[in-house]
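Residue strings, one per chain:
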Amino acid sequence: MMESDDGIQLPMEEGGDSKESVFNKEVVCEYGGERIEGKEWLNTMSNVDIKVGPVDAANHLESGCKLLSSSLIKNVNALDKLFRDMRRILECKGLDCDDDDEQGEQFETTIFGRLLRVPNSEGEESFFLRQDSRAERTYLLDLRKAPKYSLFPGQFVVVKGSTNNKTILVREIDTPKCLARPFLSETPNPSICLHIATVAGPFNRKGTIDYSSLNGVLEYVSTFQPQVLLIIGPLIEVTEEMFDHDISELFDQVLKKISDKLTQNTHAYVVSSPDEWNHAISFPTPPYEGQSRHPRILFLPSPSLLNISGLILGISSVDIIYHMSKQIVESKGIEGNRIERLCRPIISHGSFYPLYPPNESVSLEIPKYNYCSFKTTPHVMIIPSTFRNFIKNIDGCLFVNPERIRKGTMSRIRVKKSENDNASSVIDSLRVEVFKVNK
């Protein structure tokens, strides 16, 4: 090792030369002002108290909870409660909607409800509007005269139009902006510079027990020593070629390798995944078991809403963005960025998974659907997706898709002092990059 002019310890190449290439990462996606030098990402502060915890402890899924306990009654009650909660928000904002009462052959109406997508007799799919289980009818939506729209099953909308108690000829349909949750009235601690690194598994090469892709990640962590390392599962993807191996042992080996590389300046947090072979398959997903075997790593549920010294961070291991792309229906000529339209419902619904019914790959634990909801809009939302990496500012929330480590990328967030005290502008104090760690 050698010291730079500013006293930072630099790695050495064989022969005694400084290995500057360690600091020069290929940035593939970025947000937040001018690009900063690689060395500026180094955490040079030791023993700094970084406070990390759930924003709402009561809505933070714990390990050991009872899973796969759904029943028809429990499911209906959970969905009805969600509807009532959303309607209550509308009422508090002063938005009035008609009740589900018959008023004549044809009349104007404004109705709040949730969208269903059902095949019709011609083999095509139509949207219906339904309220809770006590509602007497479900309305077929005639969208021929509707303005530009972007709709998906499970979406909460206010519909304006004329109806004959069976079909609504829609004039307007949209999710009210007032359903979006407020930002927390707190800003990141201006006295410290936060460095948060994020990487998403699986870490093994498909069909093998080779998890060498972890090496580049751990080299980065040991060099830059971010205060927070977020690891999003699954850690191991299991295929039939791997059935002869002890997957639980392999899982522990990956965690031990991570733990051994952590310095006292870095705290690691592992977000669970329903795709983990030796864990619960339901979503929301409780934290992994075995916390006592890995004391330097804290296990978190998926989804999680964390407060990291004032920065509110949402994390989910389930690719809702890709799932939404398979179900969303949009009018011709709709304007704007498609990725933004796929992400926006997460904010407007205050939910990590607003799609219902879920994608066939997701075993949604409906009685625990409330753990997918959030009452505080995060400053940053991290969701690894099948889509190409992106960073998008959507209504004041910064969406980050680092992709998965098999694509060779991870992300990092640097928080510096903000000149604006408004909580919704916290992202103005962020520098976010998705970069190549494995080539």
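Right above here is the structure, for reference.
Conventions and cut-offs
- Residues numbered from 1 in each chain as written.
- Predicted model: local features only at pLDDT ≥ 70, side-chain atom pairs only at ≥ 80, totals over all residues.
- Heavy atoms only, no water.
- Pairing = 2+ DSSP bridges.
- Helix = DSSP H or I, 4+ residues; strand = E, 2+ residues; numbered from the N terminus.
- Axes fitted to C-alpha atoms, helices over the stretch in contact; angles between N-to-C directions.
- Core = buried A, V, L, I, M, F, W, Y, C linked by side-chain atoms within 4.5 Å.
- Buried < 20%, exposed > 50% of the residue type's maximum accessible area, 1.4 Å probe, protein only.
- Contact = heavy atoms within 4.5 Å.
- Parallel < 35°, antiparallel > 145°, perpendicular 65-115°, else oblique.
- Nonpolar A, V, L, I, M, F, W, Y, C, P; charged D, E, K, R; others polar.
- Phe/Tyr/Trp six-rings, centres within 6.5 Å; stacked < 30°, edge-to-face > 60°.
- Lys NZ or Arg CZ within 6 Å of the ring centre and 35° of its normal.

## Observations regarding the sheet that holds strand E5 (residues 107-119)
The five strands lie next to each other as E5-E6-E7-E10-E9, forming a closed barrel whose pairing is mixed. Strand-to-strand twist of the sheet, defined as the mean angle between neighbouring strand axes without regard to direction, takes the value 55°. With six bridges connecting them, E5 and strand E6 (residues 125-130) associate as antiparallel partners. Looking at the pairing, Arg114 lines up with Arg130 of E6.

## Section: the nonpolar core
Counting 40 residues, the largest nonpolar core has Phe112, Ile320, Met381 and Phe399 as its most contacted members. When contributions to this core are tallied by element, the ones reaching two or more residues are helix H1 (72-92), strand E9 (156-163), helix H4 (320-327), helix H5 (338-348), strand E21 (390-394) and strand E22 (397-401). Looking at which element gives the most residues to this core, the answer is H1, with six residues. Beyond its immediate chain neighbours, meaning those up to four positions away, Ile320 contacts Ile346, Phe352, Tyr353, Pro354, Leu355 and Ile383. Core analysis: the next-biggest nonpolar cluster, separate from the first, contains 37 residues, Val27, Phe203, Leu218 and Phe299 among them.

## Focus: the packing of H4 against H5
The axes of two packed helices give the description: the angle between them and the distance between them. Between H4 and H5, whose axes approach to 9 Å, the crossing angle comes to 110°. Relative to H5, the element H4 lies roughly perpendicular. Across from Ile320, Ile321, Met324 and Ser325 in H4, the residues of H5 making contact are Arg338, Leu342, Cys343, Pro345 and Ile346. Across the contact of H4 with H5, the residue classes tally to seven nonpolar, one polar and one charged.

## Quick notes on the packing of aromatic side chains
Taken as a whole, this structure holds eleven aromatic pairs when the rule is applied. Between the aromatic rings of Tyr220 and Phe435, the centroid separation amounts to 5.0 Å while the plane-to-plane angle is 40°, which identifies the pairing as tilted. In this pair, Tyr220 is assigned in helix H2 (residues 213-224) and Phe435 in strand E24 (residues 430-436), connecting sequence segments 215 residues apart. Taken as a pair, Tyr220 and Phe435 share a single burial class, namely buried. Grouped by ring-pair contacts, the aromatic residues Phe83, Phe112 and Phe156 constitute a single cluster. Here the basic side chain of Arg412 rests over the ring of Phe224, its NZ or CZ set 5.8 Å away from the ring centre. Sitting over the face of the ring of Phe435, Arg412 holds its NZ or CZ atom 4.6 Å from the ring centroid.

Everything listed here is a matter of geometry and, on its own, says nothing about what the molecule does.
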